[in-house]
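One letter stands for each residue in the lines below.
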Amino acid sequence: MTAGRFPTTRMRRNRHDAWTRRLVAEHRLSVDDLIWPVFVIDGTDTVTEVASMPGVYRVTLDRLAAHVSPVAALGVPALALFPATPTDLKDAEGTESGNPENLICRAARLLKREFPQMGLVGDVALDPYTDHGHDGVIRHDYVANDETLAVLTRQAVNQAEAGIDVIAPSDMMDGRVAAIRGALDAAGHIHVRIMSYAAKYASAFYGPFREAVGSGSALRGDKKTYQMDPANTDEALREVALDLAEGADMVMVKPGMPYLDIIRRVHERFGVPTFAYQVSGEYAMIMAAARNGWIDQDRAMLESLLAFKRAGASGVLTYFAPAAARLLRAT
Ligand code: PBG
């Protein structure tokens, strides 16, 4: 080979034109990959923006159909419901989570009626319902595992009865998937799926979410006795293995972008539907930088979502779902 002919292989050839770039693209983000987290709030005729999450709203039930309708029309497959429970309905045991008339159940019934083609994901954990902000009940200054399971199973069946299609336990108690599967089956909900927050880390990136559901200001201490240590990887694989053995249909890794390595390993090891949760703090960071003119919002959004696909995720829970779906439909 003569020096003049070098380099023979030019990686840039396939990048030369938009049409080749399209042909050789290895991963693609589609509307089918998106799950949209939605916050519901008590009251009437109110849509309030979450201060730390521009473009994310807390809506009352009478405004919910209008809020969801354009996103349903874009074909987003599913949404995940989160309640901002009124403070006077919170207690130490998270009793309101088992109330068939709670915000989530009323929202689920309404959405199933209005948008029967959409999947509904229901977060199962007690933090939106407890006055101490923890995901479980407290005994002797400790979030008690087995006592919490009894409340979680009641919460899960309550949501399933209201029409929730996918129970998503986010509490990180041991044994919750088996307990919830057993309770769902016993109540006849054999088709209700479980998407477990299998590897959920004790993360600093949940701050804006806790503002949105009002579970942050009252939170005593942290969640390190049940959520995972960000230092650990192998432990995440054990968590996933257990949840699958207990009957999880899909697993989730949370947060998203700081934990792409976990998504990759879970996907490679287990080959099961693996979801990423691009959490509130990730959304807030991108939005804050974009609002300052420091990054391009649309491009940063799509790039961050594509990263999950590259890591092996089947889909992403993301507050960007409406904006991303709009862009993906337009191109
Ligand atoms: C509740 C729950 C949390 C999130 C989802 N479900 C908060 C927490 O564990 O404190 C966070 C979602 C987000 O930050 O977007 N267990």
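Our subject is the structure listed above.
We now turn to the structure provided with this report. (Residues numbered from 1 in each chain as written. Predicted model: local features only at pLDDT ≥ 70, side-chain atom pairs only at ≥ 80, totals over all residues. Heavy atoms only, no water.)

Turning to the layout of surface pockets, a few remarks are in order. Of the pockets and cavities examined, the largest pocket occupies roughly 650 Å³. What lines the largest pocket is a set of 16 residues, among which Ala25, His27, Arg28, Leu29 and Leu306 lie closest to the centre. Broken down by secondary-structure element, the contributors of at least two residues to the lining of the largest pocket are α1 (18–24), α10 (297–311) and α11 (321–330). Considering only residue class, the lining of the largest pocket consists of eight nonpolar, two polar and six charged. Roughly 300 Å³ of internal volume is contained in the second largest pocket. Along the wall of the second largest pocket there are 20 residues; nearest its centre are Trp36, Gly55, Tyr57, Tyr319 and Pro322. The set of elements that each furnish at least two residues to the lining of the second largest pocket consists of β1 (34–41), β3 (53–60), α2 (64–73), α9 (280–291) and α11. Within the lining of the second largest pocket, the residues separate by chemical class into 15 nonpolar, three polar and two charged. (1 Å grid on protein atoms, 1.4 Å probe; cavity = no way out; pocket = protein on both sides within 12 Å on 5 of 7 lines; lining within 4 Å. Points joined across faces, edges and corners; volume = space filled by probe spheres on them. Helix = DSSP H or I, 4+ residues; strand = E, 2+ residues; numbered from the N terminus. Nonpolar A, V, L, I, M, F, W, Y, C, P; charged D, E, K, R; others polar.)

Turning next to the pattern of salt bridges. As enumerated under the stated definition, the model contains 14 salt bridges in all. Between arginine 176 and aspartate 243 there is a salt bridge, with its nearest N and O atoms 3.3 Å apart. One end of the pair, arginine 176, is in helix α5 (residues 176–186); the other, aspartate 243, is in helix α7 (residues 234–245), with 67 residues separating them in the sequence. Salt bridges here are not isolated pairs; linked through shared partners, they connect Asp127, Asp135 and Lys223. (Salt bridge = Lys/Arg side-chain N within 4 Å of Asp/Glu carboxyl O.)

Leu64, Val68, Leu79, Leu81, Leu111 and Leu305 are the most contacted members of the largest nonpolar core, which has 105 residues in total. Sorting elements by how many residues they give to this core places helix α3 (residues 103–114) first, with seven residues. Discounting residues that sit within four places of it in the chain, leucine 111 has contacts with Leu64, Val68, Leu79, Leu81, Pro116 and Leu120. (Core = buried A, V, L, I, M, F, W, Y, C linked by side-chain atoms within 4.5 Å. Buried < 20%, exposed > 50% of the residue type's maximum accessible area, 1.4 Å probe, protein only. Contact = heavy atoms within 4.5 Å.)

This next bit is on the pairing of strand β11 (residues 274–278). Counting buried residues along β11, five of its five residues qualify, which places the element largely inside the surrounding structure. Here β11 shows two buried faces, one formed by Thr274, Ala276 and Gln278 and the other by Phe275 and Tyr277. Direction of pairing for strand β10 (residues 250–254) relative to β11: parallel, over a ladder of three bridges. Following the sheet pairing, valine 253 is matched in β11 by alanine 276. For the crossover that starts at β10, traverses helix α8 (residues 260–270) and ends in the parallel β11, the hand is right-handed. Bridge analysis of β11 against strand β12 (residues 315–318) gives four bridges, and the strand direction is parallel. By the bridge assignment for β12, glutamine 278 is matched with threonine 318. (Pairing = 2+ DSSP bridges. Right-handed = clockwise from strand over helix to strand, strands pointing away.)

Once that is clear, we can look at the site of the ligand. Near the ligand you find 18 residues, and of these Lys200, Lys223, Lys254, Ser280 and Tyr319 are the closest. Contacts to the ligand include lysine 254, whose side-chain N or O atom sits 3.3 Å from a nitrogen atom. Here serine 280 contributes a side-chain N or O atom positioned 2.7 Å from an oxygen atom of the ligand. The fraction of the free accessible surface of the ligand (400 Å²) that becomes covered by protein chains is 100%. Structurally, the ligand is housed in the largest cavity. Considered class by class, the residues forming the shell around the ligand number eight nonpolar, three polar and seven charged. (Near = heavy atom within 4 Å. Polar contact = N/O pair within 3.5 Å; in protein donor to acceptor, adjacent residues only side chain to side chain. Areas by Shrake-Rupley, 256 points an atom, 1.4 Å probe, with all protein chains shown as cover. Sits in = over half its atoms within 2 Å of the grid points.)

On the surface, a cluster of positive charge is contributed by Arg10, Arg12, Arg13 and Arg15. Among the secondary structure elements, arginine 12 is positioned in the segment before α1. (Patch = residues over 30% accessible without salt bridge, like charges linked within 9 Å, V, L, I, M, F, W, Y side chains within 5 Å. Lys, Arg positive; Asp, Glu negative; His and termini not counted. Charge placed at Lys NZ, Arg CZ, Asp CG, Glu CD.)

Here we take up empty space enclosed by the protein. If you walk through the whole model with that rule in mind, you get two cavities of 30 Å³ or more. Lining the largest cavity are 16 residues, and of these Asp127, Lys200, Tyr206, Phe209 and Lys254 sit closest to its centre. Listing elements by their share of the lining of the largest cavity, those giving two or more residues are β9 (193–200) and α6 (207–213). Taken together, the residues that form the lining of the largest cavity break down as seven nonpolar, three polar and six charged. In this structure, the second largest cavity encloses a volume near 40 Å³.

By the criterion of burial, β10 is predominantly enclosed, with five of the five residues buried. Of the two faces of β10, the one holding Met250, Met252 and Lys254 and the one holding Val251 and Val253 are both buried throughout. Direction of pairing for β9 relative to β10: parallel, over a ladder of five bridges. Bridge pairing links tyrosine 197 to methionine 252 in β10.

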